[in-house]
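In case you want the letters, here they are:
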Amino acid sequence: NQQLGRQNEQLRKLDETKSNFFANISHELRTPLTLIRPSIQALLDHGSELSQSGQREHLHRIQTNTSKLLRLISDLLDLAKVEAGKMTVTMRPADIQAMVTELETSLRGGTEAKDITFSVSIDPNIAWVTMDPDKMARVCINLLSNALKFTPPGGAIHFGVSRSDGMLEFL
């Protein structure tokens, strides 16, 4: 009976973990959709009245957050690969500054919506680094998404990249 009770408790905890996981994933998928929606509505309601740069800004925000959705879905697929022992890391030279600039652009809608000041600093001596750019971007997106999620309206987020002992350091 005790063993059966422990097994039931383990199953209950596993079910709770699974439920929390799905709730978190649903929230993470909903966030970029929430950021896309106002831009689509603005284009539908006022597209012809907006300047060309205003239209491009909305379209760029839609494109950036659509890319974020695709990355999140890729993360889910990668989780299955990790569980199956089939995850691979592809190291290659990549432009860290370009990656951070893209991340900054993708978060701009969320920071503006919450009136959060967002700043970035990158050590100017860092340009190309050997990394798996997709996985590194996912790590950074997760860090920045959590910062955005837990920073109160009117707050500030600073994202810094430096090098320490031959390693990238994210601040």
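Novice: Residue-level account of the nonpolar core, with values.
Specialist: Ranked by size, the top nonpolar core spans 19 residues in total, and within it Ile96, Met99, Leu144 and Phe159 carry the most contacts. Elements with a minimum of two residues in this core: α3 (96-113), β3 (128-131), α4 (133-150) and β4 (156-164).

Novice: I'd love a proper account of the sheet that holds strand β5 (residues 167-170), names of residues and values included.
Specialist: Strand order across the open sheet formed by 3 strands is β2-β4-β5, with mixed pairing between neighbours. Looking at which strands have only one partner, the edges of the open sheet turn out to be β2 (117-122) and β5. Each strand axis lies, on average, 10° off the axis of its neighbour in the sheet, ignoring direction. On the sheet, α3 packs against β2, β4 and β5 and is oriented at approximately 175° with respect to β2. Seen against the sheet, α4 touches β2, β4 and β5 and runs at an angle of roughly 150° to β4.

Procedures and definitions
- Residues numbered from 1 in each chain as written.
- Predicted model: local features only at pLDDT ≥ 70, side-chain atom pairs only at ≥ 80, totals over all residues.
- Heavy atoms only, no water.
- Core = buried A, V, L, I, M, F, W, Y, C linked by side-chain atoms within 4.5 Å.
- Buried < 20%, exposed > 50% of the residue type's maximum accessible area, 1.4 Å probe, protein only.
- Helix = DSSP H or I, 4+ residues; strand = E, 2+ residues; numbered from the N terminus.
- Pairing = 2+ DSSP bridges.
- Axes fitted to C-alpha atoms, helices over the stretch in contact; angles between N-to-C directions.
- Contact = heavy atoms within 4.5 Å.

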